[in-house]
Amino acid sequence: MPDTSIRIRAALLAATLAVPAAALAHHGWSGYDSSTPLKVTGTIGEAGYEHPHGYVRLVAPGKTWLVVLAPPSRMLQRGATAELMAPGKTCTVFGYPHTTRPDEARIEYIVLDGKRIDNLPY
């Protein structure tokens, strides 16, 4: 059986290596063009509450957008429930397009069933 100190060191090493991977999974907002405001109305094709951010695939005339939302817990606290964001519902988003991903946008707020839900702070 390995020495306890070796097991502790191995566990600490594993935890240390896991932290950078988790940090890299979360991205900053510098990739979005805040000088180009965007307003899009469409139908929700898909919605998800994955971490680190929720999302909506918004089917708009001529384009389907991947709309990046705040973390799921924040969206739920603000009233963006799964029922409000169900596929087939209409919504409007206000935000900024990604600089290199032409179908992606970060939003400031979303309007669902006539209710404005702020997406900030992330």
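Look up a bit, the structure's there.
Residues numbered from 1 in each chain as written. Predicted model: local features only at pLDDT ≥ 70, side-chain atom pairs only at ≥ 80, totals over all residues. Heavy atoms only, no water.

Brief notes about the side chain of Thr92
Link 1 in the chain: Take Thr92: it is sitting in strand 4 (residues 90-97).
Link 2 in the chain: By relative accessible area, which is 15% here, Thr92 ends up buried.
Link 3 in the chain: In terms of polar contacts, Thr92 uses its side chain to reach the side chain of Thr41, at 2.7 Å. (Helix = DSSP H or I, 4+ residues; strand = E, 2+ residues; numbered from the N terminus. Buried < 20%, exposed > 50% of the residue type's maximum accessible area, 1.4 Å probe, protein only. Polar contact = N/O pair within 3.5 Å; in protein donor to acceptor, adjacent residues only side chain to side chain.)

As for the environment of Met85
Link 1 in the chain: For Met85, the location among the structural elements is in the loop between helix 2 (72-77) and strand 4.
Link 2 in the chain: Here Met85 falls in the buried class, since its relative accessible area comes to 1%.
Link 3 in the chain: Here the alpha-carbon distance between Met85 and Thr43, two residues 42 residues apart in the chain, equals 9.8 Å.
Link 4 in the chain: Excluding residues within four positions of it along the chain, Met85 makes contact with Ile44, Ala47, Tyr49, Tyr55, Val56, Leu69, Ala80 and Leu112. (Contact = heavy atoms within 4.5 Å.)

Quick notes on the pairing of strand 4
Link 1 in the chain: Among the eight residues in strand 4, six count as buried, and that is most of the element.
Link 2 in the chain: Relative to strand 4, strand 1 (residues 38-48) is paired through six bridges, and the arrangement is antiparallel. In the strand pairing of strand 4, Gly42 is matched with Cys91.
Link 3 in the chain: Bridge analysis of strand 4 against strand 5 (residues 104-112) gives seven bridges, and the strand direction is antiparallel. Bridge pairing in strand 5 places Val93 opposite Ile110.
Link 4 in the chain: Counting the residues in the hairpin turn of strand 4 and strand 5 gives six residues. (Pairing = 2+ DSSP bridges.)

A word on the side chain of His98
Link 1 in the chain: Of note, His98 is situated in the loop between strand 4 and strand 5.
Link 2 in the chain: A distance of 3.1 Å separates a polar side-chain atom of His98 from the backbone nitrogen of Arg101.
Link 3 in the chain: Ignoring any residue separated from it by four or fewer positions in sequence, one finds His98 in contact with Gly31, Tyr32, Glu104 and Ala105.

Section: the pattern of salt bridges
Link 1 in the chain: Scanning the entire structure with this criterion turns up six salt bridges.
Link 2 in the chain: Two residues, Asp103 and Lys63, come together in a salt bridge whose shortest N-O distance is 3.8 Å. Here Asp103 is found in the loop between strand 4 and strand 5, whereas its partner Lys63 is found in strand 3 (residues 63-68), with 40 residues between them in sequence.
Link 3 in the chain: Exposure remark for Asp103: the relative accessible area of 39% places this residue in the partly exposed category.
Link 4 in the chain: The closest approach of N and O atoms between Lys89 and Asp113, which form a salt bridge, is 3.2 Å. (Salt bridge = Lys/Arg side-chain N within 4 Å of Asp/Glu carboxyl O.)

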